[in-house]
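Descriptive structure summary
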Amino acid sequence: MSTQSLEPKYTEAQYSEVDQYQPATRTGRISNYVDQRVGGTGLVREFGRKVFPDHWTFMFGEVALYSFLITVVSGAFLTFWFDPSMASTQYDGSYAPMQGVEMSMAYATALELSFDVRGGLFMRQLHHWGALMFVMAMAVHMLRVFFTGAFRKPRELNWVVGCALLVAGLGAGFTGYSLPDEVLSGNGLRIIDGMLKAIPMVGTYISFFLFGGEFPGDEVIPRLYSLHIFVIPAVILILIAVHLFMVVVHKHTQYPGPGRTERNVVGYPIGPVYAAKAGGFLFVVFGVLALLAGLFQINALWNYGPYDPSPVQAGTQPDWYIGWFDGVLRLMPGYIGDIPLEFVLPTPWGGNSVALPVLIPMIPITVLLLGLFVWPFLEAWITGDKKEHHVLDRPRNAPGRTAFGMAMMVWYFVMWGAASSDLMATHFSLSLNDVIIWLRVLFFLGPILAFIITKRICLALQRKDREIVLHGNEAGVIEMLPHGEFREKHNRVNDYELFTLVAYESPEVTPARPNAKGKVSLLEKSRAGLNRVFFEDRVAPVSREEYLEALSHDHHESSAALPAAASAQLESSKH
Amino acid sequence: MKALSQQRRHPLAAVALLLLGLLLTGGLYAAATSVNEAQASNVPDAYSASDVEEGERLFVANCATCHGINAVGSDAGPSLVGAGAAAVDFQVGTGRMPMQMSGPQAQEKPAQFNDEQTMQLAAYVASLGAGPSVPEDEYLDASEGDISRGGELFRINCAMCHNAAAAGGALTEGKFAPALAGVESKHIYEAMVTGPQNMPEFNDSNIPADDKRDIIAFLKNNESQGVPGGFALGSLGPVSEGLLIWTLGLVLLIGSMVWLTSRSS
């Protein structure tokens, strides 16, 4: 207890002055009334002055937030009519091809929403398009954060929160996809059921626990509904709050540029311009989604019919973000040569079957998802970088990371694309078997090729940057010198551009170091190996000496002075 | 009987017996062949002998290379004996036959023969052996069908290859189930009866004629009712939806982002 805290901060006179303060205008009176009761001034002062840098790539997170809000609002509308019950009923709504068909209440009310509730189909399509956009925006946002290195210290934990949001988003999407209880979503659930049952020993129990007995049972839809409208949205909301709070705490990152340092943020304050822009952007996102919902059909559930475990339909796919689960299952062979990959594990109670064709595909999924969570820590460990980073990397200036990110993206794309192998076959007149074989090849080769090619492209772009710094941009003008030599004129970049091109960190390889006992551990050796992969090919930024040297070349060349003199004349003739 | 027993040793008895035998054999043979001819020319009553004759001429000129003279088949094509008029009407009527090139599956193309020639070819193939005939109009009248029953039958029997919205789907090795929009009712029926290409055969004990009509009614209703909810994106399900959000959706978003963050200068 310090004595200072006992001293009053304000005098009695100051308090009474605040109490008696009478604003002159009506707006002033209203805001004063509110402020005296909820103390908004502090909040506005804190958040309203928060500076955000202005760049279009920084807005994907906003898109995710807004599409989530729109999905929540449209979803609330849907709950007024949707009945998540698997009780059997006979459809008697206005969609003729379903009349008299026996179906669950869930499917019947989903049809009712589509055909008999005014605006229901629009709201359903808005909800579904919003969900697709929500996950897409999160994915693109994460790619931006990854490739610019925005996840580095101090933002690693916020990246983890973001990964959790992505997983929660997948969960929200999948539970929603399964609710209408038509053949498409039922098939999706059947695959999940199969994946659960493939887990050795406990799989069947987990499946029976989820479905309340043997698949499909009559309990899974209500359970998914609770998850979909209550548990998962609550989790997402909490995570969003944490995510945004941490953004405020960390301050926003910024792209490299003149005047931008690790100690400042260059941009606009939230109030009033940025708040207006962001608020307006909510309506832009709403508009885009409404346009899609109004013009394009999504999940035409009246085509699929009520769920029945027997039929499977051509073109059965999950929504895009679950596609890679489906795709990787399609890639996995059931046999290698004549050897079946499924076998029975002998156990005292009679044996458990081990479905490797379902279990092995879970490996790349687990690797990618876990890798996403641990990447910031992994990268920091490899690079040994313990500094704070508020200025972003241009992707080319971190060739190792960019190449690794592209490799993982290609890996994901192959799995994702495999989910539409049948449509690739029909629409490009290919053999389905060939498509799968090629995708299997790409599954292994694609990431490696992507890594090599991306790294080479990054290094080439860095060399181009060096070239521009040292010699300037090609002007497209061919000059003839007095002695007859031809050469292309180069324009030097201005100081602002120059800053961006030279001000970046370019770490060198840090070899394995012995620990306190003087031994180089295996872990340290692998760290050094990865570090070498990251940094051994390196294009250093132009140093001050190099630049001055290049400038001095310019001065020796008398011809460079000629156009300068000509333009000076032009300038003076204008006046 | 007494007269017969008295006359049996008559010198002309052997001659009479021979005559009788010849007459009977000849008559039976004549009767038998005329029955065969009658079957050939009027297997379904609709065809005349000249249709069969003209059909054979067309067959020899256009089909026999693969299906063989007399349509008994060759290494390049199957025997058509017993294929029936319905199969010919479907394959030739939709342009699948004569095949443009060999491949995993005969491709649909503009029909090479007119209706009359198609009928004549069908008559010829029907004359080779009994097979499914061209369906009667009463089973093609979509207005008589029960669309919700047809929908159930379609989803159980057809949607696994043809897609729930009849948009088509892939089979193995480059084969595929085509989209069904715009296919004539007659051809839908014939396809079910004859199982062309890789399609299984749905005979009348599997799906009775009335049920086939229900399926046709369901498909025709799908075409005529329009698409609820906007453009159907090919009715291909989540893949085309995902493609749209990643193309049009993303482009619209990025466009507005660039616009919002651009400086007014």
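Residues numbered from 1 in each chain as written. Chains lettered and ligands numbered in written order. Predicted model: local features only at pLDDT ≥ 70, side-chain atom pairs only at ≥ 80, totals over all residues. Heavy atoms only, no water.

With that out of the way, let us pick up the overall build of chain B. Tallying secondary structure elements over chain B gives 11 helices and 2 strands in all. Going from N to C terminus, chain B has its helices and strands arranged as α-α-α-α-α-α-α-α-β-β-α-α-α. By principal-axis analysis of the C-alpha atoms, chain B measures approximately 130 × 40 × 30 Å. Residues counted as buried form 40% of the 265 residues belonging to chain B. (Helix = DSSP H or I, 4+ residues; strand = E, 2+ residues; numbered from the N terminus. Buried < 20%, exposed > 50% of the residue type's maximum accessible area, 1.4 Å probe, protein only.)

Once that is clear, we can look at the overall build of chain A. Of regular secondary structure, chain A possesses 22 helices and 10 strands. With the C-alpha coordinates aligned to their principal axes, the bounding extent of chain A is approximately 90 × 85 × 65 Å. Taken across its 575 residues, chain A has 45% of its residues classed as buried. Long-range pairs, those at least 24 residues apart, make up 74% of the contacts in chain A between residues at least 6 apart in sequence. About 30200 Å² of surface is accessible on chain A, with carbon and sulfur atoms providing 66% of the total. Charge centroids of chain A, computed over 44 positive and 51 negative side chains, lie 8 Å from each other. (Contact = heavy atoms within 4.5 Å. Areas by Shrake-Rupley, 256 points an atom, 1.4 Å probe, with all protein chains shown as cover. Lys, Arg positive; Asp, Glu negative; His and termini not counted. Charge placed at Lys NZ, Arg CZ, Asp CG, Glu CD.)

With that settled, consider the pattern of salt bridges. Tallying each qualifying case throughout the model produces 28 salt bridges over all chains. For Arg466 of chain A, the salt bridge identified is with Glu546 of chain A, shortest N-O distance 2.9 Å. Residue Arg466 of chain A is found in helix α18 (residues 432–471), and its partner Glu546 of chain A is found in helix α21 (residues 544–556); the two are separated by 80 residues along the sequence. Glu54 of chain B is paired through a salt bridge with Arg57 of chain B; the nearest N and O atoms lie 2.8 Å apart. Of this pair, Glu54 of chain B and Arg57 of chain B are both found in helix α3 (residues 49–62), 3 residues apart, which corresponds to roughly one turn of the helix. Judged by relative accessible area, Arg57 of chain B falls into the exposed class, the value being 52%. Three or more residues are tied together by salt bridges with common partners; here these are Arg152, Glu379, Asp393 and Arg401 of chain A. (Salt bridge = Lys/Arg side-chain N within 4 Å of Asp/Glu carboxyl O.)

Time to look at the packing of aromatic side chains. With the rule as written, the count across this model stands at 37 aromatic pairs over all chains. Seen from their ring centres, Phe68 of chain A and Phe134 of chain A are 5.2 Å apart, and the 40° between their planes marks the pair as tilted. Taken together, the residues Phe68 of chain A in helix α4 (residues 60–79) and Phe134 of chain A in helix α6 (residues 120–147) connect sequence positions 66 residues apart. Considered together, Phe68 of chain A and Phe134 of chain A belong to a single accessibility category, that of buried residues. With a centroid separation of 5.1 Å and 65° between ring planes, the pair formed by Phe115 of chain A and Trp302 of chain A is classed as edge-to-face. Of this pair, Phe115 of chain A sits in helix α5 (residues 105–115) while Trp302 of chain A sits in helix α12 (residues 301–304), and the two are 187 residues apart along the sequence. Owing to a relative accessible area of 23%, Phe115 of chain A belongs among the partly exposed residues under this scheme. In this structure Trp302 of chain A comes out as buried when scored by relative accessible area, which is 3%. By way of ring pairs, the aromatic residues Phe146, Phe147, Phe151, Trp159, Trp375, Phe404, Phe534 and Phe535 of chain A are connected into one cluster. The ring of Tyr189 of chain B has Lys212 of chain B lying over it, and the distance from NZ or CZ to the ring centre is 5.4 Å. (Phe/Tyr/Trp six-rings, centres within 6.5 Å; stacked < 30°, edge-to-face > 60°. Lys NZ or Arg CZ within 6 Å of the ring centre and 35° of its normal.)

Now for the pairing of strand β7 (residues 342–345) of chain A. Residue and element names in this part refer to chain A. Taken together, the 4 bridges between β7 and strand β8 (residues 352–355) define a ladder with antiparallel strand orientation. Across the sheet, Phe343 pairs through a bridge with Val354, a residue of β8. Hairpin connection of β7 to β8: 6 residues between the antiparallel strands, including Gly350 at a positive phi of 115°. (Pairing = 2+ DSSP bridges.)

A word on the domain arrangement of chain A. Splitting chain A by domain gives domain 1 (3–47) and domain 2 (56–82 + 103–312). Between the C-alpha centres of domain 1 of chain A and domain 2 of chain A there is a distance of 41 Å. (Domains from an automatic or database assignment.)

Right, let's talk about the domain arrangement of chain B for a bit. Residues and elements named next belong to chain B. Domain boundaries in chain B define domain 1 (24–131) and domain 2 (135–226). On the domain 2 side, the residues contacting the 12 residues of domain 1 number 13 residues. Taken together, both faces of the contact between domain 1 and domain 2 bury some 1100 Å²; the carbon and sulfur share is 54%. On the surface where domain 1 and domain 2 come into contact, there are 1 salt bridge. Applying the counting criterion to the domain 1 and domain 2 interface returns 5 residue pairs in polar contact (both at pLDDT 80 or more). Considering only residue class, the side of domain 1 that touches domain 2 consists of 5 nonpolar, 5 polar and 2 charged. (Buried area = accessible area lost by both parts, 1.4 Å probe. Polar contact = N/O pair within 3.5 Å; in protein donor to acceptor, adjacent residues only side chain to side chain. Nonpolar A, V, L, I, M, F, W, Y, C, P; charged D, E, K, R; others polar.)

Turning our attention to helix α8 (residues 183–198) of chain A. Between its first and last C-alpha atoms α8 of chain A spans 22 Å; for 16 residues at 1.5 Å apiece the expected length is 22 Å, and the two agree. All of the buried residues in α8 of chain A are Val183, Leu184, Ser185, Gly186, Asn187, Gly188, Leu189, Asp193, Met195, Leu196 and Ala198 of chain A. (Expected span 1.5 Å × (residues − 1).)

With that settled, consider the nonpolar core. In this structure, Trp129, Met133, Ile236, Val285 and Trp320 of chain A are the most contacted members of the largest nonpolar core, which totals 119 residues. Looking at this core element by element, the count peaks at 17 residues for α6 of chain A. Not counting chain neighbours up to four residues away, the residues in contact with Val285 of chain A comprise Val63, Tyr66, Ser67, Ile70 and Met133 of chain A together with Leu253 of chain B. Of all hydrophobic cores here, the second largest spans 19 residues; its members include Leu153, Val193, Ile207 and Ile216 of chain B. (Core = buried A, V, L, I, M, F, W, Y, C linked by side-chain atoms within 4.5 Å.)

Across all of its chains, the model carries 0 disulfides over all chains by this definition. A disulfide-free cysteine, Cys158 of chain B has its sulfur positioned 9.0 Å from the sulfur of Cys161 of chain B, the nearest such atom. (Disulfide = S-S within 2.5 Å.)

We now examine a nonpolar patch on the surface. Taken together, the side chains of Ile437, Trp438, Val441, Leu445, Ile448, Leu449, Ile452, Ile453 and Ile457 of chain A make up a nonpolar region of the molecular surface, amounting to roughly 870 Å² of accessible area. Residue placement: Leu449 of chain A occurs in helix α18. (Patch = residues over 30% accessible without salt bridge, like charges linked within 9 Å, V, L, I, M, F, W, Y side chains within 5 Å.)

Listed per partner, the contact involves 52 residues of chain B and 62 residues of chain A. Both sides of the chain B and chain A interface together cover about 4700 Å² of buried area, and 71% of this is carbon and sulfur. Between the two partners, chain B and chain A, sit 0 salt bridges. Joining chain B to chain A, the criterion identifies 13 residue pairs in polar contact (both at pLDDT 80 or more). Breaking the side of chain B that touches chain A down by element, the ones donating at least two residues are α7 (147–157), α8 (159–162), β1 (169–170), α10 (209–224) and α11 (238–261) of chain B. Tallied by class, residues from the side of chain B that touches chain A come to 30 nonpolar, 17 polar and 5 charged.

Before going further, it helps to examine the confidence of the model for chain A. All names here are of chain A. Per-residue pLDDT for chain A has a mean of 89; in total, 95% of the residues score no lower than 70. Low pLDDT, under 50, characterises residues 558–562; the stretch is placed with 4 contacts to residues that sit more than four places away or in other chains. Of the regions scoring below 50 in pLDDT, residues 564–575 engages in 0 contacts with residues more than four places distant in sequence or in other chains. (pLDDT = per-residue confidence, 0-100.)

The next point concerns the environment of Ser353 of chain A. Residues and elements named next belong to chain A. Mapped onto the secondary structure, Ser353 falls in strand β8. Ser353 gets classed as partly exposed once you look at its relative accessible area, which sits at 42%. For the pair Ser353 and Thr402, spaced 49 residues apart in sequence, the C-alpha to C-alpha distance is 42 Å. Ser353 has contacts with Glu342, Phe343 and Val344, leaving out every residue within four places of it along the chain.

Residues and elements named next belong to chain A. At their nearest, the axes of α6 and helix α11 (residues 270–295) sit 8 Å apart, and the two run at 120° to each other. In terms of orientation, α6 and α11 fall into the oblique class. Relative to α11, the crossing made by α6 is right-handed. On α11, the residues that touch Phe122, Gln125, Leu126, Trp129, Gly130 and Met133 of α6 are Val285, Phe286, Val288, Leu289, Ala290, Leu292, Ala293 and Gly294. Of the residues contributing to the contact of α6 with α11, the split by class is 11 nonpolar, 3 polar and no charged. (Axes fitted to C-alpha atoms, helices over the stretch in contact; angles between N-to-C directions. Parallel < 35°, antiparallel > 145°, perpendicular 65-115°, else oblique. Left-handed = near helix turned anticlockwise from the far one by under 90°.)

Residues and elements named next belong to chain A. When you line up the elements, Asn32 lands in helix α2 (residues 26–38). Given a relative accessible area of 15%, Asn32 falls into the buried group. Discounting residues that sit within four places of it in the chain, Asn32 has contacts with Tyr21 and Pro23.

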